[in-house]
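Spelled out, the chains give:
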Amino acid sequence: SPMEYHDVVGEIDLKPPHQRSSALNDLLLMLSSQDPIKDWTLPVLLLQSCLLPGDIAVMLEDPEPPQIERWHHIAFDYSAVTASRAGHVSRSEGTMWINMEKRAFR
């Protein structure tokens, strides 16, 4: 159920545009169960989802951007790994924070 997830950045809403797509009808049937991941294995759901773009028209809609100017504090942790063709690997970890009230950045 969607209540189990935190910090969701998107959702998929499948609406049947017609009855000609057997891939869409199959996926909608699978996702209509109480617990699709328990009733069907995740690889089967993924495979069925991958069939859709070739079978039906897929439209993506971007969500509204967040209104960052209304936030007072922003903080996040990060971890980055970069590699060159020569085999050199660099790693970086840290924390970024911004305090909009005091106009502080670190």
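This structure is a prediction, so every number in the text was calculated from the model and none was measured.

S.K.: What is the right way to look at the overall build of the protein in this model?
M.R.: The helix and strand inventory of the protein stands at three helices and three strands. Considering only contacts within the protein whose residues lie at least 6 apart along the sequence, 29% involve residues at least 24 apart. Accessible surface computed for the protein: about 9,900 Å², of which carbon and sulfur atoms make up 57%.

S.K.: Just to check I follow, could you spell out helix H1 (residues 22-31) for this structure?
M.R.: Those residues of H1 lying buried are Ala23, Leu24, Leu27 and Met30. The buried residues of H1 occupy an angular sector of 125° when projected down its axis, which confines them to one face. Opposite its buried face, H1 presents the exposed residues Ser22 and Leu29, each directed more than 90 degrees away.

S.K.: Please explain the sheet that holds strand S3 (residues 104-105) as it appears in this structure.
M.R.: As a general point, the strands of a sheet are linked pairwise by backbone hydrogen bonds and lie either parallel or antiparallel. What the three strands build is an open sheet, ordered S1-S2-S3; its pairing is antiparallel. The sheet is open, and its two borders are formed by strand S1 (73-83) and S3, each paired with just one other strand.

Basis of the calculations
- Residue numbering note: each chain is counted from 1, following its sequence as written.
- Note on the predicted model: pLDDT of at least 70 is required for a residue's local features to be given, and 80 or more for side-chain atom pairs to be given and counted; whole-chain, interface and lining totals, by contrast, use all residues.
- Think of the side-chain values as coming from all heavy atoms in the structure, minus any hydrogens and water.
- Put simply, DSSP H or I for four residues or longer makes a helix, DSSP E for two residues or longer makes a strand, and each gets a number counted from the N terminus.
- Note on contacts: a residue pair is in contact if any heavy atoms of the two residues lie within 4.5 Å.
- Methods summary: accessible areas were calculated by the Shrake-Rupley approach with a probe of 1.4 Å, and residue burial reflects only the protein chains presented.
- Three exposure classes are used, based on accessible area relative to the maximum for each residue type with a 1.4 Å probe and protein chains only: buried under 20%, partly exposed in between, and exposed over 50%.
- Each direction from the helix axis to a C-beta atom contributes to the arc, which is the arc of those directions.
- Strands pair, by our definition, only if DSSP identifies at least two bridges between them.

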